[in-house]
Amino acid sequence: MAFFPPPPPDRQDRPRPPRPRENDWRLILKLLPYTRRSRKLLLWSILLLLPVSVAGAIQPLIIGQAISLLRSEAAWPYLEKMTLAQGLNFLAVLLLVTIIIRVIFSATQGYIIQQVGQDITAQVRQDLFTHITSLSASFFDRTPVGRLVTRIASDVEALGDVFASGAIGVLSDFVYFVVILITIFSLQWQLSLMLFLMLIPVTGLIIYFQQQYRKANYQVREELSQLNSMLQENVMGINVVQLFRRERFNSDMFRTINKRYRMEVDKTIFHDSAISATLEWVGLVAIAGVLGLGGIFVVKGMITLGTLSAFILYGRRLFDPIRQFADKFTMFQAGFTAIERISELLSEPIEIRDPEIYQNAISPGQIISNNQQGGEIRFENVWFAYKAHEYVLKNLDFTIRPGEKVALVGPTGAGKSSIIRLLCRLYEPTKGRILLDGIDIRDIPQAQLRRYIGVILQESFLFAGDIKRNITLGEDYSLDQVKEAAQLTNINQFIEELPQSYDTVLRERGANLSGGQKQLLAFARVAIRKPRVLVLDEATASLDVGTEALIQQALEELLKERTAIIIAHRLSTIRDVDRILVLKRGELIEQGSHEKLLEQKGLYASLYRLQMLGAAELLS
Ligand SMILES: Nc1ncnc2c1ncn2[C@@H]1O[C@H](COP(=O)(O)OP(=O)(O)OP(=O)(O)O)[C@@H](O)[C@H]1O
């Protein structure tokens, strides 16, 4: 059986309803540490807000003054001292200056903020990657890969958008809004008050639509994760899909999820459009109001036509930041959803940790005395359950001596692979403990533990990249060491016959190699690390007879003076091991040499007889 088991069936279930949401402010606070590195740049972009807003806010005032000049109404005192042409020229230059300030400063601010946004996004992406790769195997049992990919890719992207154009944009809209409010109230309070009062229903609507949009958006992201999971699963399992003619069936399933996704997206579009339309409408009503009330004031001589013109422009500009906020709001809400989902993932506990006090951690080799070889494995009353109370390993208690070769045998699902997963600390025992050379494996740093134990699975994963890197896996080994390992595992000749030898690039998952070649590479990968304990989980099952002969020879070399645990369904391949442990439903029911177990006439003997019978029938 494969080392990493298939996902439990409930994995593809419909998304769980969203958890109770965290307060938006608390979500933003979670991001604050990420801004630390960019503090200076952020400060600069905030400082630029004021000149940009003031320059924007005085433009209607300048236009109003120009109209007052043209109509010979009261204007600013120093304008009245000038001729009409001088006054208009002065106002035109002033307007130009405000435009230039706005263009230059906003562009600079935009550039700075994009940089900060990208920096923060990169940090979050990195943290997520590091965190995800540190999570235990049980987390991956319950989380579809597509969901993780969505979080690292599109959720982080949505977060980046918030920073790149949203966060400071909203702040700048707010500052602009406040500066305009102060300006208009100092110009004419009745008209200003009317404009201000119109903002109250708008705010109410924004809050309502914000909530609706947020809900819909959370579902959109969940459905997108489902969509990606399904896509990923179908691509990974494309052979099965095609061999079993599941194309149409899977396509129908995909259509259902796709439809659900589209329906959720429709909801977000509805709320998004509703808010823009409402704002547009309220903005127009506000201008009509200003015209009506302002017209009366002009007739009564309370204000000049210049001031009224300025107010009409302000009417639009006051709603501009709100309209822009509404536009960004979509992105902002998507960003909040993204932060929520990302922080959910970041707060996923790392269950398997290195010992607290790292310095005190011991490596198994350290305690081996000179006359001892090392590599003793001891399971001490080990119980283990993937799901609470459903024990798949029950009270296992055995010792494997240094250098001993032990085979694990038992029917499917007996718990053989689980034993190995516990030994490598991919999972922790529910009860009991596992000792390596007398040390609890929880006290051994994981890096050392994994170096001490070399595991070869039935199907080894190869990465896209060259052959050498697939053997070294990024560690510091010389080409000679790589060659030596390849020679030991009989794959050297094959590699050297390739056009680029050790630099030959493998496609993703080693798609350009045969199953046997992949397996031989996996052997080399372990051989170069010279582990004390060797674990083979059905490692030779996928090899043809010729390759197996090659491997058998390599194995003999590899197994010399090493402790080894071998899982093999073909019992003929494990006859020569020192001891066979027979498992049934998680319990150790027999142990001994091949001959001794045959004499016992227990489960092993009947399994062996069955296999021999099968082989004889095949031969006849
Ligand atoms: N990730 C998992 N989550 C839940 N249950 C699991 C998981 N992996 C395995 N199991 C269950 O644990 C039991 C033991 O599985 P294990 O893979 O250890 O068996 P095995 O003896 O290696 O089987 P095989 O001979 O088929 O490889 C099985 O009943 C299996 O269904």
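Check the entry above for the structure.
Quick caveat: nothing in here was measured; it's all calculated off a predicted structure.

1. Side note on the overall build of the protein
On a plain count of helices and strands, the protein comes out with 20 helices and 12 strands. The burial tally for the protein puts 47% of its 620 residues in the buried class. Once local pairs closer than 6 in sequence are excluded, the contacts in the protein between residues at least 24 apart make up 77%.

2. Some words on the nonpolar core
In terms of nonpolar packing, the biggest core is built from 42 residues, with Ile467, Leu521, Ile574, Ile580 and Tyr604 touching the most fellow members. With 7 residues, helix H17 (residues 515-527) is the largest single contributor of residues to this core. If near-sequence neighbours (up to four positions away) are discounted, Tyr604 is found in contact with Val409, Leu571, Ile580, Val582, Glu590, His594, Leu597 and Leu598. Membership of the second largest hydrophobic core comes to 35 residues, among which are Leu61, Leu279, Phe297 and Phe329.

3. Quick word on unusual backbone geometry
With a phi angle near 70°, His389 is a residue other than glycine that sits in the positive phi range. By the secondary structure assignment, His389 is in the loop between strand E1 (377-387) and strand E2 (390-400). Here Lys601, not a glycine, exhibits a phi torsion of approximately 55°, which is positive. Positionally, Lys601 belongs in the loop between helix H19 (594-600) and helix H20 (603-619). Given a relative accessible area of 66%, Lys601 falls into the exposed group.

4. Some details on a negative patch on the surface
Residues Glu556, Asp576, Glu595 and Glu599 make up a contiguous surface patch of negative charge. By the secondary structure assignment, Glu556 is in helix H18 (residues 545-559).

5. Digging into empty space enclosed by the protein
With the rule as written, the count across this model stands at 1 cavity of 30 Å³ or more. In this structure, the largest cavity is lined by Val202, Leu205, Ile206, Ile275, Thr278, Leu279 and Val282. The greatest single-element share of the lining of the largest cavity, amounting to 4 residues, is contributed by helix H10 (residues 247-299). Within the lining of the largest cavity, the residues separate by chemical class into 6 nonpolar, 1 polar and no charged.

6. A word on the packing of helix H2 (residues 39-47) against helix H5 (residues 84-134)
In contact at an axis separation of 9 Å, H2 and H5 are set at 150° when each is read in the N-to-C sense. One way to sum up the angle between H2 and H5 is to call them roughly antiparallel. Both H2 and H5 take part in a crossing whose hand is left-handed. Within the contact between the two elements, H2 uses Leu41, Leu42, Trp44 and Ser45 and H5 uses Gln109, Ile112, Ile113, Gln115 and Val116. Here the residues of the contact of H2 with H5 sort into 6 nonpolar, 3 polar and no charged.

7. Side note on the sheet that holds strand E3 (residues 405-409)
Pairing is mixed across the open sheet formed by 6 strands, whose spatial order is E6-E9-E10-E3-E11-E12. Two strands close off the open sheet at either side, each with one partner strand: strand E6 (453-456) and strand E12 (587-592). This sheet shows a mean twist of 20° between the axes of neighbouring strands, independent of strand direction. The sheet contact formed by E3 and strand E11 (residues 579-584) spans 4 bridges and is parallel. Counted as the bridge partner of Val406 is Arg579 from E11.

8. Details of the pattern of salt bridges
Tallying each qualifying case throughout the model produces 19 salt bridges. Arg401 serves as the salt-bridge partner of Glu404, at 3.3 Å between the closest nitrogen and oxygen. Overlapping salt bridges bring together Asp155, Arg221, Glu222 and Arg341 as one network.

9. Observations concerning the sheet that holds strand E5 (residues 439-440)
The strands making up a sheet associate through backbone hydrogen bonding, with each pair oriented either parallel or antiparallel. Pairing in this open sheet of 4 strands is antiparallel, and the strands run E2-E1-E4-E5 from one edge to the other. Pairing within the sheet leaves two strands with one partner each, and these edge strands are E2 and E5. Strand direction decides the pairing type here: strand E4 (residues 431-436) and E5, joined by 2 bridges, are antiparallel. In the strand pairing of E5, Leu436 is matched with Ile439. Packing against the sheet, helix H12 (residues 416-423) makes contact with E1, E2 and E4, and its axis sits at approximately 110° to E1.

10. Some details on helix H15 (residues 479-488)
Along H15, the residues that are buried comprise Val482, Ala485 and Ala486. The arc that holds the buried residues of H15, viewed along the axis, is 100°, so those residues lie on one side. Residues of H15 that are buried in the fold lie against helix H14 (467-472), helix H16 (492-497) and H17. Just downstream of H15 lies Asn490, where phi reads positive at about 60°.

11. So, the environment of Leu91
Relative to the elements of secondary structure, Leu91 occurs in helix H5. Judged by relative accessible area, Leu91 falls into the buried class, the value being 2%.

Rules and cut-offs
- Residues numbered from 1 in each chain as written.
- Predicted model: local features only at pLDDT ≥ 70, side-chain atom pairs only at ≥ 80, totals over all residues.
- Heavy atoms only, no water.
- Helix = DSSP H or I, 4+ residues; strand = E, 2+ residues; numbered from the N terminus.
- Buried < 20%, exposed > 50% of the residue type's maximum accessible area, 1.4 Å probe, protein only.
- Contact = heavy atoms within 4.5 Å.
- Core = buried A, V, L, I, M, F, W, Y, C linked by side-chain atoms within 4.5 Å.
- Patch = residues over 30% accessible without salt bridge, like charges linked within 9 Å, V, L, I, M, F, W, Y side chains within 5 Å.
- Areas by Shrake-Rupley, 256 points an atom, 1.4 Å probe, with all protein chains shown as cover.
- Salt bridge = Lys/Arg side-chain N within 4 Å of Asp/Glu carboxyl O.
- Lys, Arg positive; Asp, Glu negative; His and termini not counted.
- Charge placed at Lys NZ, Arg CZ, Asp CG, Glu CD.
- 1 Å grid on protein atoms, 1.4 Å probe; cavity = no way out; pocket = protein on both sides within 12 Å on 5 of 7 lines; lining within 4 Å.
- Points joined across faces, edges and corners; volume = space filled by probe spheres on them.
- Nonpolar A, V, L, I, M, F, W, Y, C, P; charged D, E, K, R; others polar.
- Axes fitted to C-alpha atoms, helices over the stretch in contact; angles between N-to-C directions.
- Parallel < 35°, antiparallel > 145°, perpendicular 65-115°, else oblique.
- Left-handed = near helix turned anticlockwise from the far one by under 90°.
- Pairing = 2+ DSSP bridges.
- Arc of directions from axis to C-beta.

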